[in-house]
Amino acid sequence: ATPMADSSATELELYNVPVEVPVCSLECREAFEGLTEQERKYAHHVAQASWAGSLICLVQTSEVSPPLFSLLLRLFTANSPKDLREKALAAGVSEADFTSLMMFASAFFGNMGNYLSFGDTKFVPRCSKESFRAIVGASSAAETLVPALDKIIDQIYDLSQRQRQLGLEQDGVSTYYNDSITKAEIEKVQKWMGENGIGDQAYTTRLFRREDTEGKPTYDLLMACAESAPAESFEYDGIIIRKVKGDHAPFMARAAVEVEEAAKVAASDVQKAMHASYAAHFRRGDINDHKASQRHWVADKGPAVECNIGFIESYRDPFGVRGEWEGFAAAVNRKQSEKFSTLVEAAEKFIALLPWTAEFEKDKFLRPDFTSLDVIAFGSSGIPAGINIPNYDDIRQNDGFKNVSLGNVLSAASPNEKITFLSDEDSETLRAYRGKSFEVQVALHELLGHGSGKLFKREGETTNFPAGLPHPLHPGETVTSCYQAGETYDSKFGSISSSYEECRAECVGLYLCGNQDVLDIFNHPAGEEANKVIYGNWLLMVRAGLLALEYYSPASKSWRQAHMQARFSILKTLLEAGQGLVTIKQDPSLPYGAQVSLDGSKIASVGVPAIGAFLAKLNIYKSTADKERGTAMYTAISSVPDDYLLLRDIVLQHKQPRKVFVQALTSVDEKGAVQLTTFDASPEGLVTSFVSRFGPGSALADLGRAFD
């Protein structure tokens with residue numbers, strides 16, 4: 001039976017910060033030194049805009065994240081980690097407790113808040129409140145910091161049921177909304193936004209409910225921008241909706257200044273226009289300015305320095321429509337990008353192999369830029385391995401998109417990572433081929449996964465699909481459902497939209513990775529090498545599906561991470577395909593208590609047809625805006641049966657912490673030249689990088705004090 005509350009010791013251990021947080025360096029010196037002085041200046045200003053806005057992630061994560069950021073920044077400004085350790089140990093704090101606070105601080109800075117960016121669960125210090133207080137008490141700034149800690153210490157350690165994860169209503173907490181709001185109310189406001197043609201504006205907003213003096217529900221739609229203006233009120237179906245400008249104002253203002261500086265050293269008129277649109281958006285908050293920036297971005301082909309900034313991904317909004325801040329500056333790796341360009345050239349050929357007819361594919365594939373990047377700065381709560389943006393449906397369908405593969409993220413390995421739940425032979429295969437397999441998967445996932453599929457739309461009496469089209473999944477039916485004016489995929493599919501789309505893209509990768517023409521592009525010749533890359537990719541996916549159970553909450557029967565829900569649904573699809581393709585064995589005598597196996601000889605005959613059938617459903621229900629059938633199908637395949645809960649316990653016992661990145665710092669010296677400072681790949685290095693970035697004397701010091 002499913003427990004009503006997850007309160008076992010194993011479950012609570014989930015929320016303690018790991019004994020050791022793996023810190024990896026995001027290596028970019030070689031890439032940075034390959035840039036001209038003008039390109040370095042451009043990258044620097046984009047990086048500053050990205051980091052200025054990254055502080056918004058704290059506000060978007062939890063109530064306690066902003067004051068906790070201020071506390072930790074001031075703590076390590078007053079004393080370096082080395083000095084603070086000496087003071088704390090002299091005051092009677094144990095080495096283990098001081099180390100656990102360092103791990104907590106590095107996890108906090110690495111996730112831009114006290115909830116994991118991948119998994120959305122809270123983490124708390126492993127040391128006691130008393131030890132935390134004693135360490136702060138040993139600081140040179142104890143007089144001001146101890147009272148600051150006392151105000152928030154209970155919130156830092158609160159593991160009551162709702163506080164454990166991000167979510168809505170009783171499932172968790174979210175600072176995109178206030179506590180009293182319901183999903184139905186959020187949906188009603190979103191409906192009003194769609195009907196008024198501003199559905200995409202949701203990306204930059206938060207939504208707070210209150211009651212006016214007469215007790216009528218009023219919803220404040222807080223819009224991120226530097227400028228404030230008198231609130232605009234609208235009556236709709238018995239409620240009042242107020243558009244309130246000026247959310248995150250100091251961070252938006254600084255981001256605007258920095259992109260204007262970037263425009264002065266931009267390489268082209270297209271880049272200048274892009275940054276002018278960014279600046280207008282950051283100042284005024286109009287989503288149409290951001291959409292204009294993204295059209296310029298798509299048109300900015302083959303730049304030496306790549307960037308994108310704004311409220312981009314909606315994974316962390318429990319309702320699935322509000323975007324988290326994300327900004328990056330990166331150097332394009334020309335040599336590494338060649339294979340991606342070749343894949344783009346052949347994209348139409350590969351898209352034609354996907355398991356749906358031409359009516360369900362875009363009328364014209366708009367060939368995107370696809371580059372491999374070495375990230376110089378990434379300001380957000382986490383860093384992905386690949387990106388396919390923009391997320392605005394109309395731009396994707398009409399103007400196109402761009403893909404980037406983040407090379408220095410892909411190559412950053414955790415030093416002590418174990419490969420769990422596989423046989424020794426499979427572990428060796430994965431160790432040898434994981435990089436090669438994952439590169440192919442990321443490329444197919446981003447370009448042909450997120451880049452494929454048509455959205456059926458109606459504008460007035462006009463549709464973009466043929467009347468009387470037979471429904472491929474329901475014989476005897478014709479397709480009638482589609483997106484109405486003002487509706488987007490995210491607004492239509494709501495909270496399930498991110499995971500559903502990630503699943504579709506992952507399936508495209510699996511479905512096409514066995515194609516020899518694809519493998520030739522990535523220099524994997526037919527025969528043993530190609531077979532190992534294919535097997536490695538499928539093995540990665542089935543193991544990820546098992547590891548995904550860590551991100552499932554039995555109490556609320558909900559998933560906390562979009563990609564992991566997708567990978568579990570793929571594992572279940574392959575298990576249901578039967579014929580011994582995938583098996584999971586539970587046995588206490590196994591090294592990790594369970595083992596997942598894949599029969600490589602059945603990938604083509606059993607695996608590919610099973611994934612193809614699943615992928616066809618995912619794509620066709622998305623194309624036709626069939627939320628009801630799509631949601632029912634996806635919810636069923638990603639549901640976790642009760643007999644998997646023991647397997648979940650085994651996965652939790654062997655879970656490994658995700659790595660966090662320590663990033664370099666760009667700064668301008670007294671001669672006006674841009675310098676790159678790097679830091680140790682350690683918790684101390686990560687903490688020091690944040691003091692250097694936001695502490696006294698840094699270019700962003702005023703923003704670093706914003707939460708004091």
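Preceding this paragraph is the structure being described.
Just so you know, these numbers come straight off a predicted model, no measurement behind them.

## Structural notes on the packing of aromatic side chains
Move 1: Applying the stated criterion to the full structure yields 31 aromatic pairs.
Move 2: Centroid distance F69 to F707: 6.4 Å. Interplanar angle 90 degrees. Geometry classified as edge-to-face. Within this pair, whereas F69 is found in helix α4 (residues 65–78), its partner F707 is found in the segment after α27 (701–704), the two being separated by 638 residues in sequence. Like F69, the residue F707 is buried in the burial classification.
Move 3: Taken together, the ring pairs connect W51, F69, F104, F108, F109, F123, F132, F251, F690, F694 and F707 into an aromatic cluster.
Move 4: One cation-aromatic arrangement involves K622 over Y489; the distance from NZ or CZ to the ring centre is 4.7 Å.

## Some details on the pairing of strand β5 (residues 239–247)
Move 1: As judged from the seven bridges shared by strand β3 (residues 217–224) and β5, these two strands associate in the parallel manner. Looking at β5, one finds that D220 is bridged to R242.
Move 2: The sheet contact formed by strand β4 (residues 232–236) and β5 spans five bridges and is antiparallel. In the strand pairing of β5, F234 is matched with I241.

## Overview of the packing of helix α19 (residues 497–512) against helix α22 (residues 562–577)
Move 1: Their axes nearest at 8 Å, the elements α19 and α22 cross at an angle of 50 degrees. Judged by the angle between their axes, α19 and α22 are oblique. In terms of crossing hand, the pair formed by α19 and α22 is right-handed. Counting all contacts with α19, which are made through S498, S499, E502, C503, E506, C507 and L510, the residues of α22 involved are A562, H563, Q565, A566, R567, S569 and I570.

## Some details on the side chain of S314
Move 1: Tracing the sequence through the fold places S314 in the loop between β6 (305–313) and β7 (324–332).
Move 2: Not counting chain neighbours up to four residues away, the residues in contact with S314 comprise G320, V321, R322, G323, D490 and S498.

## Some details on unusual backbone geometry
Move 1: With omega at 5 degrees, the peptide bond leading from I389 into P390 counts as cis.
Move 2: Assignment of secondary structure puts P390 in the loop between β9 (386–389) and α15 (393–398).
Move 3: Not every positive phi belongs to a glycine, and M112 is a case in point at roughly 50 degrees.
Move 4: Structurally, the position occupied by M112 is in the loop between α6 (95–111) and α7 (129–137).

## Considerations on the pattern of salt bridges
Move 1: Counted by the stated rule, this structure contains 44 salt bridges.
Move 2: Notably, a salt bridge pairs R316 with E324, separated by 3.3 Å at the nearest N-O pair. Comparing R316 with E324 shows no difference in burial state: the two are buried.
Move 3: Residues E345 and R367 are paired through a salt bridge, measuring 2.8 Å at the closest nitrogen-oxygen approach. With E345 in helix α13 (residues 334–345) and R367 in the loop between α14 (347–351) and β8 (370–379), the pair connects residues that are 22 residues apart, well separated along the chain.
Move 4: Each of D200, K291, R295, D394 and D399 takes part in one network of salt bridges that share partners.

The rules we used
- Residues numbered from 1 in each chain as written.
- Predicted model: local features only at pLDDT ≥ 70, side-chain atom pairs only at ≥ 80, totals over all residues.
- Heavy atoms only, no water.
- Phe/Tyr/Trp six-rings, centres within 6.5 Å; stacked < 30°, edge-to-face > 60°.
- Helix = DSSP H or I, 4+ residues; strand = E, 2+ residues; numbered from the N terminus.
- Buried < 20%, exposed > 50% of the residue type's maximum accessible area, 1.4 Å probe, protein only.
- Lys NZ or Arg CZ within 6 Å of the ring centre and 35° of its normal.
- Pairing = 2+ DSSP bridges.
- Axes fitted to C-alpha atoms, helices over the stretch in contact; angles between N-to-C directions.
- Parallel < 35°, antiparallel > 145°, perpendicular 65-115°, else oblique.
- Left-handed = near helix turned anticlockwise from the far one by under 90°.
- Contact = heavy atoms within 4.5 Å.
- Salt bridge = Lys/Arg side-chain N within 4 Å of Asp/Glu carboxyl O.

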